[in-house]
Amino acid sequence: MEELFLSRNFKIENGHTLPVYESGGGYQRLKKALNMDSATIIDEVKKSNLRGRGGAGFPTGVKWGFMPKESELPKYLTVNADEGEPGTFKDRYIMELDPHLLIEGCIITAWTLGLRYGYIYVRGELQFAIRRLEAAIKEAYAKGYLGQKIQGKDFDFDLYVHPSGGAYICGEETGMIEGLEGKPGQPRMKPPFPAVVGAFNAPTLVNNVETIAAIPWIIERGGEWWASMGIEKNGGPKLYGLSGHIKKPGVYEAPSGVSVRELLEDYGGGMLDGSDLKGYIPGGSSCRVMLPDTLDALMGFESMREAGSSLGTGCITFMDHTTCMVRIAGRLAHFYHHESCGQCTPCREGSGWATKVLDQIENGNGRMEDLDLLLDICDNIEGNTICALGDSISIPVRSYVELFTQEFEDHIRRKGCPFPAWSLRSSASTRAEAVAGAE
Amino acid sequence: MALAFSEESEAKFNELVSRYPNTRAALLPALFLAQEEFGWISVEVMDYLAERLELPPSQVLTTATFYTMYNKQPVGKCHVQVCTTLSCAFRGGYELLERFEDRLGIKRGESTPDGNWTLTEVECLASCGSAPMFQLTDSKGNMEYFEDLDSEEKFETVVKELESRLPNLPDPRDMH
């Protein structure tokens, strides 16, 4: 993209500090928003076609509309920064390299919906991001952007960082709220939805980091402008994290609806030398795996569904011809087994069972009937759990079995895996070079 | 020995508690603070936090044992956590883990007897574009990502750097 928005400050020296952020127009959008009324702002957000960027893709403006206007208890903003979906690493960059963009977005959101307190729920491993955010919040308080009577308005808003303790499940919105309340991150039954009963029993808005980071831009240039950088129902520039067997892994900004092929070739530098694309996961490991014949699919929620998978977080993992799909399925099942919170039997037991069956096939002890068994386990998990983590096991596992049936059968017939071990695959780029810079 | 926060931690603790409408919500950050101060989260530490936050000890126990970052056993001065989830596995995550095993003379999940190192295999750390990588947590509670470790030289440079830090780090086993 010619002009960058979500990653504008990534490569600017001291872009994470308040003076640099302000010199690029930062916090002017807050001042503008403070002179707009709530209904107008919500309308702009609706017009922008901004969709939840944590992976679910719910229209942000509609979600905002669910927040009750009146409440006896103070209303809360919780920003989901528990980025943990394998293959996903975009929110981390916003928090580390442009924390004020997120903070300005939080304040505008709070103004719009009358939220009194905000918590940015960051996974505990991201200590660097936590420190950057806390320093930025301190700067914002000192300038009167946070606290009481913000910019002279009848508007109080306090913002804090809450570190998680290491649990993938806290990326699920109600698991996150449990973690905010100091409890084990075991998701709640819905309804009631967080907008009605959320953190501390009060109405609570839950939005992803990248979603909130879009808000200042929508205020500055309008919802229609944001929507114009995208396709139908999917508005605005987006951060795409590209990883796997490609030349230039990294985080890149491109419009919504860019094709997978463009991301791979124009941004990611193509596959590693000598590597042929075998498959890719479009938006985090809980999505169905895709075959190379879908490379022209557009990165939108509807278009990816039509192409046979889902957009998810928009962070793509590319896999080359040396990749064993049985091993991938087993590794992912292991991940979800490790991260299951243990509340629901189908998820807790099914994920462990699937892992054992997949490892057995990979290690040469598989039986032909195991393929039906795997699908049967998936059937019994899907839709039978409190939260979506159960589906996050069954959806990908099913896709590997269905799309690579022959490879599974081959493992069983030859009693072992024909693919090479995982190995170190180097590429020229390093993080500093690859962030947000298309060729 | 009765536990007590240092003056500095006490101030941080009070500030943490002030961020939330109730004391229980301060538990996750308070556990990190306690781990920094006391080296690891023993039952004694949990009881201390329960008392300070006015919570039943069982609530502290269920939370401390649910999350992976609270060490319920002492770890080494340098806790090396190597990611081996997909994107890292594709770029040498397992080899990095094996390099550490060879270099430190321990298997994943183990600590060196001198209390200097613990090696753990962990799941995705949101560093997929800079694989292979590991996270270091030292016994002062500092965390750091070491990324793009795709050669023996880079690995050696990092290990030597960490070795030079060891003399200045307390042994978590002696911290309470």
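Residues numbered from 1 in each chain as written. Chains lettered and ligands numbered in written order. Predicted model: local features only at pLDDT ≥ 70, side-chain atom pairs only at ≥ 80, totals over all residues.

**Considering the overall build of chain A**
Here is step 1 of the chain: When its secondary structure is counted, chain A shows 18 helices and 8 strands.
Here is step 2 of the chain: In terms of overall size, chain A behaves like a compact globule, its C-alpha atoms giving a radius of gyration of 22 Å where 439 residues would be expected to give roughly 22 Å.
Here is step 3 of the chain: In terms of its C-alpha atoms, chain A occupies a principal-axis envelope of roughly 75 × 45 × 35 Å.
Here is step 4 of the chain: Among the 439 residues that make up chain A, the fraction classed as buried is 59%.
Here is step 5 of the chain: Sequence-distant contacts, at least 24 apart, represent 72% of the contacts inside chain A between residues at least 6 apart. (Helix = DSSP H or I, 4+ residues; strand = E, 2+ residues; numbered from the N terminus. Rg over C-alpha atoms; globule rule 2.2 N^0.38 Å. Buried ≥ 20, exposed ≤ 12 C-beta atoms within 10 Å, placed from the backbone. Contact = placed C-beta atoms within 7 Å.)

**Some points on the sheet that holds strand S5 (residues 237-244) of chain A**
All names here are of chain A.
Here is step 1 of the chain: The sheet built from 4 strands is open, its strands ordered S6-S5-S8-S7 with mixed pairing. In the strand order of this sheet, the two ends are held by strand S6 (250-255) and strand S7 (277-281), each with one partner. Neighbouring strand axes in the sheet, compared pairwise and without regard to direction, differ in orientation by 30° on average.
Here is step 2 of the chain: Both S5 and strand S8 (residues 316-320) contribute to a ladder of 3 bridges, which runs parallel. Across the sheet, the residue bridging to Gly244 is Phe318, located in S8. (Pairing = 2+ DSSP bridges. Axes fitted to C-alpha atoms, helices over the stretch in contact; angles between N-to-C directions.)

**Observations regarding the confidence of the model for chain A**
Here is step 1 of the chain: Within chain A, residue pLDDT values average 95, and 97% of them lie at 70 or more.
Here is step 2 of the chain: Across residues 430-439 of chain A the pLDDT falls below 50, and counting only partners more than four positions away or on other chains, this stretch makes 27 contacts in the model. (pLDDT = per-residue confidence, 0-100.)

**Quick notes on the nonpolar core**
Here is step 1 of the chain: Core analysis: the largest hydrophobic core is formed by 179 residues, its most contacted members being A:Ile107, A:Val122 and B:Leu31.
Here is step 2 of the chain: Setting aside residues up to four positions removed in sequence, B:Leu31 forms contacts with A:Gly165, B:Ile41, B:Leu49, B:Ala64 and B:Tyr70. (Core = buried A, V, L, I, M, F, W, Y, C linked by C-beta atoms within 7 Å.)

**Side note on helix H2 (residues 27-38) of chain B**
Here is step 1 of the chain: For H2(B), spanning 12 residues, the distance from its first C-alpha to its last is 15 Å, which sits close to the expected 16 Å at 1.5 Å a residue.
Here is step 2 of the chain: The set of residues buried in H2(B) consists of B:Leu27, B:Leu28, B:Pro29, B:Ala30, B:Leu31, B:Phe32, B:Ala34, B:Gln35, B:Glu37 and B:Phe38. (Expected span 1.5 Å × (residues − 1).)

**Some points on the sheet that holds strand S2 (residues 117-122) of chain B**
Residues and elements named next belong to chain B.
Here is step 1 of the chain: Spatially, S2-S1-S3-S4 is the arrangement adopted by the 4 strands of the open sheet, whose pairing is mixed. Every interior strand has two partners, whereas the edge strands, S2 and strand S4 (143-146), have only one. Across this sheet, the average inter-strand angle for adjacent strands is 20°, counted without regard to direction.
Here is step 2 of the chain: Contacts from helix H6 (residues 93-104) reach strand S1 (78-83), S2 and strand S3 (134-138), with the element oriented near 150° to S1.

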